[in-house]
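The primary structure of each chain is shown beneath.
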Amino acid sequence: MFEQLDTILIRYEEINELLADPSVIADTQRLRDLTIEEADLRPKVEKIKRYKEVLSEITDTEELLNENNSAEFTEMAKEELSSLKEEKDKLEADIRLLMIPEDPNDGKNIIMEIRGAAGGDEAQLFAGDLLNMYTKFADQQGWRTEILDANITGIGGYKEVTLMITGNKVYSKLKYENGAHRVQRVPETESQGRVHTSTATVVVMPEQEEIDFDLDENDIRVDIYHASGAGGQHVNKTASAVRLTHIPTNIVVAMQDERSQLKNREKAMKVLRARVYDKVTSEAQAEYDADRKLKVGTGDRSERIRTYNFPQNRVTDHRIGLSIQQLDKILNGELAEITDALILYDQTQKLEELNGNQL
């Protein structure tokens, strides 16, 4: 591990030298990549440097204890040694956590798709509740949300809605939201007060820039057509709607919300690139395949990751057994307790995999 720690320190110094190089400053993409890498390494470097200082101080203190000193001095040295060893243990734990391989997508923006699934109108209304929950959570995090496409029902629910959330490390906090979300409540249309169970599904995909994941234009069929349905006076007057089909995977994305054909195409391409990346990655990486159980399935009630129980004002995440009696607050966007718990659980699992790597 020490060899690895030293490698990190050396790389950090290299990056700082490169960031002062005029040729690097002139290269926008390289400057961006190095700046991101520097920010990622900085907390590791701070912990590693302090860890090395503590090890050195422990050695010095132990040497002092081996010398002939007064009883008072010896007692003080023992207390100092005990304190240093406690700090050493804490730093080792922190460094192990920091050394967990990061998901390369953690720093990215996301494209989220929410769909009403099992439960008809009630499921579509719940999809709207989830949209509102994630939008408010994004606001609290200082992120920006933009609805890319939406299929709104007559009662105000959503058959499906696609939104983009941009900001600092969005994917790292929301990637665990993939799956079927179950709601238990009395619908407004239920005259006898019976509790109904419905589901809405959520898919979270990291945004992929063209430089990160390029699609071959020859693999994409582009269809232009007139927009239809609710959407403003431009509907059926201009051929602004765009449908993109990725031929190798048969993934189709249609966009018609914008008046501009160009804007619709840009939005559709963002979603298509994210969907194709999600499919390709899931099929290519065994580690990713293991996570697919957290992804959206058929939307059946049994394939749930979380239950929102209105009668008991309770939210339960079934993957980690966490129950919180504050459903109203969570639907109002106060998701931090759940997202933090999921991150901690994931880190704990990864630490167990790394068990045996001693400092």
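These figures come from a predicted structure and were not determined experimentally.

What counts, and where the lines are drawn
- Residues numbered from 1 in each chain as written.
- Predicted model: local features only at pLDDT ≥ 70, side-chain atom pairs only at ≥ 80, totals over all residues.
- Heavy atoms only, no water.
- Buried < 20%, exposed > 50% of the residue type's maximum accessible area, 1.4 Å probe, protein only.
- Helix = DSSP H or I, 4+ residues; strand = E, 2+ residues; numbered from the N terminus.
- Pairing = 2+ DSSP bridges.
- Contact = heavy atoms within 4.5 Å.
- Axes fitted to C-alpha atoms, helices over the stretch in contact; angles between N-to-C directions.
- Parallel < 35°, antiparallel > 145°, perpendicular 65-115°, else oblique.
- Left-handed = near helix turned anticlockwise from the far one by under 90°.
- Nonpolar A, V, L, I, M, F, W, Y, C, P; charged D, E, K, R; others polar.
- pLDDT = per-residue confidence, 0-100.
- Core = buried A, V, L, I, M, F, W, Y, C linked by side-chain atoms within 4.5 Å.
- Salt bridge = Lys/Arg side-chain N within 4 Å of Asp/Glu carboxyl O.
- Phe/Tyr/Trp six-rings, centres within 6.5 Å; stacked < 30°, edge-to-face > 60°.
- Lys NZ or Arg CZ within 6 Å of the ring centre and 35° of its normal.
- Expected span 1.5 Å × (residues − 1).
- Bend = angle between axes of the 7 residues up to and from the residue.

Next up on the list: the pairing of strand β5 (residues 196-206). For β5, the tally of buried residues reaches nine of eleven residues, placing the bulk of the element in the interior. Pairing analysis gives seven bridges linking strand β1 (residues 110-116) to β5, with the strands arranged antiparallel. Each residue of the ladder has a partner; that of M112, found in β5, is V204.

Looking now at the side chain of T153. Relative to the assigned elements, T153 resides in the loop between β2 (144-152) and β3 (158-166). We classify T153 as buried; its relative accessible area is 13%. Apart from residues no more than four positions distant in its own chain, T153 is found in contact with Q124, Y158 and K159.

A separate point is the sheet that holds β3. With respect to topology, eight strands assemble into an open sheet ordered β2-β3-β1-β5-β4-β9-β10-β11, the strand pairing being mixed. Across the chains shown, the open sheet's two edge strands, defined by having one partner strand only, are β2 and β11 (322-324). Between one strand and the next, the sheet's axes are offset by a mean angle of 15°, whatever the strand orientation. As defined by bridge partners, β2 adjoins β3 across eight bridges and the pair is classed as antiparallel. Residue R144 lies in a different strand from β3, and its bridge partner there is T166.

Turning our attention to the packing of helix α3 (residues 28-65) against helix α4 (residues 71-98). The geometry of α3 relative to α4 is characterised by a closest axis approach of 9 Å and an angle of 155° between their N-to-C directions. Put simply, α3 runs roughly antiparallel to α4. In terms of crossing hand, the pair formed by α3 and α4 is left-handed. Here the contact of α3 with α4 is composed, by residue class, of 15 nonpolar, two polar and twelve charged.

The share of residues in the protein chain with pLDDT of 70 or more is 84%, and the mean pLDDT across the chain is 81. Scored below 50 in pLDDT, residues 230-236 shows eleven contacts in the model against residues more than four places distant or in partner chains. Predicted confidence is poor over residues 292-302, with pLDDT under 50, and the contacts of this stretch with residues over four places away or in other chains come to 30 contacts.

Take the nonpolar core next. M112, I114, L130, Y134, L174 and Y308 are the most contacted members of the largest nonpolar core, which totals 34 residues. Counting only elements with at least two residues in this core, the list comes to β1, α5 (121-141), β3, α6 (170-174), β5, α9 (327-331) and α10 (336-353). No other element matches the eight residues that α5 contributes to this core. If sequence neighbours within four positions are ignored, Y308 has contacts with F126, L130, M133, H181, R182, V183, Q184, R314, V315, L327 and L331.

What follows covers the sheet that holds strand β7 (residues 241-246). Strand-to-strand pairing in sheets goes through backbone hydrogen bonds, with the strands running parallel or antiparallel. Pairing within the open sheet is antiparallel, and its three strands lie in the order β6-β7-β8. If you trace the sheet from one side to the other, it starts and ends with β6 (220-225) and β8 (251-255), each paired once. Adjacent strand axes in the sheet meet at a mean angle of 15° when their direction is disregarded. Here β6 runs beside β7; their pairing, made up of six bridges, is antiparallel. Looking at β7, one finds that I220 is bridged to H246.

Tallying each qualifying case throughout the model produces 25 salt bridges. For R221, the salt bridge goes to D223, with nearest N and O atoms at 3.6 Å. Overlapping salt bridges bring together R50, E53, E57 and E87 as one network.

A separate point is the packing of aromatic side chains. Applying the stated rule across the entire model yields two aromatic pairs. The interplanar angle of 65° and the centroid separation of 5.3 Å between the aromatic rings of F126 and Y308 together place this pair among those described as edge-to-face. Of this pair, F126 sits in helix α5 while Y308 sits in strand β9 (residues 304-309), placing them 182 residues apart in sequence. F126 sits in the buried class, given a relative accessible area of 0%. Judged by centre distance (5.7 Å) and plane angle (85°), the ring pair of F137 and W143 falls under edge-to-face. Here F137 matches W143 in class, with each residue buried. Its guanidinium or amino end placed over the ring of F310, R185 lies 4.9 Å from that ring's centre, counting from NZ or CZ.

So, about the environment of D219. In this fold, D219 is placed in the loop between β5 and β6. You can call D219 partly exposed: its relative accessible area is 27%. Considered as a pair, D219 and H246 are 27 residues apart in the sequence and their alpha carbons are 5.8 Å apart. Not counting the four nearest positions on each side in its chain, D219 is found in contact with T245, H246, I247 and P248.

The first and last C-alpha atoms of α3 sit 55 Å apart over 38 residues, in line with the 56 Å expected at 1.5 Å per residue. Remark: the principal bend of α3, roughly 35°, maps to L41, with a proline, P43, within the next four residues. Three or more residues of α3 are buried, namely L34, E38, L41, K44, V45, I48, Y51, V54, I58 and T61.

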